[in-house]
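Observations on the three-dimensional arrangement
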Amino acid sequence: DLLYDERGSVLFEKICETPEYYLTRAEISILKQNGRYLAEWMGNAPTIIEPGAGNLRKAEYLLQHVSGATYRPVDVSSIQLK
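Quick summary incoming for the structure in this document. (Residues numbered from 1 in each chain as written. Predicted model: local features only at pLDDT ≥ 70, side-chain atom pairs only at ≥ 80, totals over all residues. Heavy atoms only, no water.)

Remarks on helix H1 (residues 6-16)
In plain terms, the rule: Residue burial is assigned from relative accessible area. The probe radius is 1.4 Å, only protein chains are included, and a residue is buried under 20% of its type maximum, exposed over 50%, and partly exposed in between. Each helix is a run of DSSP H or I of at least 4 residues and each strand a run of E of at least 2, with the numbering of both proceeding from the N terminus. Here the arc refers to the set of directions running from the helix axis out to each C-beta atom. Contacts are residue-level and defined by heavy atoms, with any inter-residue pair within 4.5 Å sufficient.
Buried within H1 are the following residues: Ser 9, Glu 13 and Cys 16. All buried residues of H1 fall inside an arc of 60° around its axis, so they share one side. Facing away from the buried side of H1 by over 90 degrees, the exposed positions are Arg 7, Leu 11 and Lys 14. Residues of H1 that are buried sit in contact with helix H2 (23-42).

Below, the structure written as structure tokens:
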């Protein structure tokens, strides 16, 4: 693990669920509303690199609309990427 161990990863997930930490919810909202349009813009078989992928939850809202994508998540915690 680069920066977070399993306990740190769990703690960060809990922080992301607090009302004060709106970033993850905002990103999910954007991807839910615009995933189809982003997929059209990317075309077929794009390579998607997601820095700060976390638990990979956000990507599903985009990947469901993309055909033949290669997805490369990057995160500071390898535990999150399993």
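Observations regarding the side chain of Lys 58
Applied cut-off: Side-chain atoms alone can form a polar contact between residues adjacent in sequence; in general such a contact is a pair of N or O atoms within 3.5 Å, and within protein one must be able to donate a hydrogen while the other accepts it.
On the secondary structure map, Lys 58 appears in the loop between strand S1 (47-51) and helix H3 (60-63). Since its relative accessible area comes to 12%, Lys 58 is described here as buried. At 2.9 Å, the side chain of Lys 58 and the side chain of Glu 27 are in polar contact. When sequence neighbours within four positions are dropped, the list of residues in contact with Lys 58 reads Thr 24, Glu 27, Ile 28, Leu 31, Glu 50, Gly 52 and Ala 53.

Focus on the pattern of salt bridges
Put simply, the rule is: Counted as salt bridges are all cases of a side-chain nitrogen of Lys or Arg within 4 Å of a carboxyl oxygen of Asp or Glu.
Applying the stated criterion to the full structure yields three salt bridges. With a closest N to O distance of 4.0 Å, Arg 57 and Glu 13 form a salt bridge. With Arg 57 in the loop between S1 and H3 and Glu 13 in helix H1, the pair connects residues that are 44 residues apart, well separated along the chain. Classification of Arg 57 by relative accessible area gives partly exposed; the value is 27%. Take Glu 13: its relative accessible area is 15%, and that puts it in the buried class. One salt bridge in this structure joins Glu 27 and Lys 58, with 2.9 Å as the shortest N-O distance. Residue Glu 27 is located in helix H2, and its partner Lys 58 is located in the loop between S1 and H3; the two are separated by 31 residues in the primary sequence. For Glu 27, a relative accessible area of 37% puts it in the partly exposed group.

Here we look at H2
To be explicit about the condition: In this analysis, the expected span of each helix is defined as 1.5 Å times one less than the number of residues it contains.
Helix length check: H2, at 20 residues, gives a terminal C-alpha distance of 24 Å against a target of 28 Å (1.5 Å per residue), a shortfall beyond 12%. Residues Thr 24, Ile 28, Leu 31, Gly 35 and Ala 39 constitute the buried set of H2. Close packing links the buried residues of H2 with H1 and H3. Looking at the residues trailing H2, positive phi occurs at Gly 43, about 80°.

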